[in-house]
Amino acid sequence: MREYNFDGIVGNTHNYGGLSPGNVASMTHEGMASSPRAAALEGLGKMRFVHDLGVGQAVLPPQLRPDPTALRRLGFAGATDRDVVARAAREGDHWLRLCSSASAMWTANAATVAPSADAADGCCHLVVANLSTLFHRALEAETTAAILRRIFADPARFVVHAPLAPQLSDEGAANHTRLHAPGREAVHIYAWGRRLWGDAPAPRRFPARQAREASEAVARLHAARAAPLLPQQHPDGIDAGAFHTDVLAVGSGAFLMLHELAFLDRAALLAELRARLGDAFRCVAATQAELPAADAVAAYPFNSQLLTLPGGEMAILAPAECRERPAVVRFLERVVAEDNPVAAVHYRDVRQSMNNGGGPACLRLRIVLTDEEAGALGANVLFTPALHATLVAWVERHYRDRLTAADLADPALLDESMTALDELTRILRLGNVYSFQA
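All values derive from a computational prediction rather than experimental measurement. (Residues numbered from 1 in each chain as written. Predicted model: local features only at pLDDT ≥ 70, side-chain atom pairs only at ≥ 80, totals over all residues. Heavy atoms only, no water.)

Draft legend 1. Inspection of the side chain of His 244 at higher detail. Tracing the chain through its elements places His 244 in the loop between α9 (235-239) and β8 (249-252). In this structure His 244 comes out as buried when scored by relative accessible area, which is 3%. A polar contact of 2.7 Å, which involves the side chain of His 244, links it to the side chain of Glu 171. Setting aside anything within four residues of it in sequence, one finds His 244 in contact with Asn 109, Glu 171, Ala 174, Asn 175, Arg 209 and Gln 233. (Helix = DSSP H or I, 4+ residues; strand = E, 2+ residues; numbered from the N terminus. Buried < 20%, exposed > 50% of the residue type's maximum accessible area, 1.4 Å probe, protein only. Polar contact = N/O pair within 3.5 Å; in protein donor to acceptor, adjacent residues only side chain to side chain. Contact = heavy atoms within 4.5 Å.)

Spelled out as structure tokens, the structure:
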């Protein structure tokens, strides 16, 4: 089996709307001009780098933004989609920003996945995230489901589950970690930040997003043979800006790297992982004294990609911001020096995404596939140098170099989005997955 990183192609309306309370970077950069072209090319460059390391890489397409269907449902009527956008710009600028977000680029939130090797029925299970905590992200679920069902279309191999009811706020794989060791059942960690029923310690500054009840439901739908682990996110970590687990923890294989504010009862979680995974389990934990949470949230070392290379060793793909903070550099150097599989740290510039609070790990959904499953995918999404060149040329044809909130009112932007996505569905052989293509 091989792990593939399904990265989201950044959409052409990438902008800094400041739409996510608790996401420090998003709030900090609100109103600044963005570069959709630079953002998309940064993402494609990262994909090429991962592919060239010998790691499985694939792509997922962006969604149509501005979203005229969502605007119509909000009462912004018009004879054409252009009219709808124009009315929203005049009467509901904030709604237009919400319906123009390119947040689907962060595919760690697209779904939560259990590979066929772990499931009792031998199928790979994908549970589409409802993202119901935030309006602009909840808009993604319907199209995400359509795209994933087109790609993972073989019912003998894949099960794409519908999003949970919106009352059960589910943020996808950003709160999920799968660990495994030779000869042991894989362990699935489904973290959560709040309870819908019952009491739990709560953050005081920022909202907790993932519901425990949602994590429990996703675990049931995965139907993994081993019992799931359901640790609570540390409320102080959420208040520091760790709105998702992957802001302060990342794991793969039998290795876990985390901050002491990632989980509320860290000692109990680590003890259970040692019992389940045996002597192969390795963990590196940063304390507040060694690496303040403020530095971890600003530089995102735990939102790095933890990649298993063809030789079996691991590499960390970290944001370039990590190099700018001495405490972060010292911590990552300690990770490489200690007894664990990590052999190297690579730094990549994804600043356009980082400015909105999404690091390298936010940009990818990890899916473990057998060779047969990878060969059965129903679209041209597996990364190759030729596909990379095609997508770079596509971005350069269709994406603007600069975008501000005021530009979202430009009716030409909607036409540009539709033209670009119509061409992209042909490149990726996805068929008609967008409403405007019906």
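Draft legend 2. Broad picture of the environment of Gly 54. Considering the arrangement of structural elements, one finds Gly 54 in the loop between α2 (36-52) and β2 (56-60). Residue Gly 54 is classed as partly exposed on the basis of its relative accessible area, which comes to 30%. Separated by 255 residues in the primary sequence, Gly 54 and Leu 309 have C-alpha atoms spaced 6.3 Å apart. Residue contacts for Gly 54: discarding those within four places in its chain leaves Arg 2 and Pro 310.

Draft legend 3. The layout of surface pockets, seen in detail. Size it by volume and the largest pocket reaches roughly 770 Å³. If you go around the largest pocket, you meet 44 residues; those closest to its centre are Glu 3, Arg 178, His 180, Ser 252 and Val 368. Of all the elements in the fold, those that place two or more residues in the lining of the largest pocket are β1 (2-8), β6 (176-179), β8 and β14 (364-369). Per-element tally for the lining of the largest pocket: the top contributor is β14, with five residues. Per-class residue counts for the lining of the largest pocket are 21 nonpolar, 13 polar and 10 charged. If you go around the second largest pocket, you meet 18 residues; those closest to its centre are Asp 67, Thr 69, Leu 139, Glu 142 and Thr 143. (1 Å grid on protein atoms, 1.4 Å probe; cavity = no way out; pocket = protein on both sides within 12 Å on 5 of 7 lines; lining within 4 Å. Points joined across faces, edges and corners; volume = space filled by probe spheres on them. Nonpolar A, V, L, I, M, F, W, Y, C, P; charged D, E, K, R; others polar.)

Draft legend 4. Looking closely at the packing of aromatic side chains. Tallied over the entire structure, the rule returns six aromatic pairs. Each ring, one from Phe 6 and one from Phe 152, has its centre 5.6 Å from the other, and the planes form 50 degrees; the classification is tilted. Pair noted here: Phe 6 is in strand β1 and Phe 152 is in the loop between α7 (141-151) and β5 (158-161), with a separation of 146 residues, a long-range link. Summarising the burial analysis for this pair, Phe 6 and Phe 152 share the class buried. With centroids separated by 5.9 Å and ring planes inclined at 10 degrees, the aromatic side chains of Tyr 434 and Phe 436 adopt a geometry described as stacked. (Phe/Tyr/Trp six-rings, centres within 6.5 Å; stacked < 30°, edge-to-face > 60°.)

Draft legend 5. Quick peek at helix α4 (residues 81-91). Listed in full, the buried residues belonging to α4 are Val 84, Val 85 and Ala 88. All buried residues of α4 lie within an arc of 95 degrees about the axis, which places them on one face of the element. Across from the buried face of α4, at angles greater than 90 degrees, the exposed residues are Arg 90 and Glu 91. On its buried face, α4 sits against α3 (68-73), α5 (93-98) and α16 (411-427). (Arc of directions from axis to C-beta.)

Draft legend 6. The arrangement of the nonpolar core in detail. With 113 residues, the main nonpolar core has Phe 6, Phe 152 and Leu 273 as its most contacted residues. Ranked by the residues each element gives to this core, the list is headed by α16, at seven residues. For Phe 152, the contacting residues outside a window of four places in its chain are Phe 6, Leu 126, Phe 158, Val 160, Ile 367, Leu 369 and Leu 377. Core analysis: the next-biggest nonpolar cluster, separate from the first, contains nine residues, Leu 168, Tyr 190, Ala 211 and Ala 214 among them. (Core = buried A, V, L, I, M, F, W, Y, C linked by side-chain atoms within 4.5 Å.)

No statement about biological role is implied by the geometric values presented.
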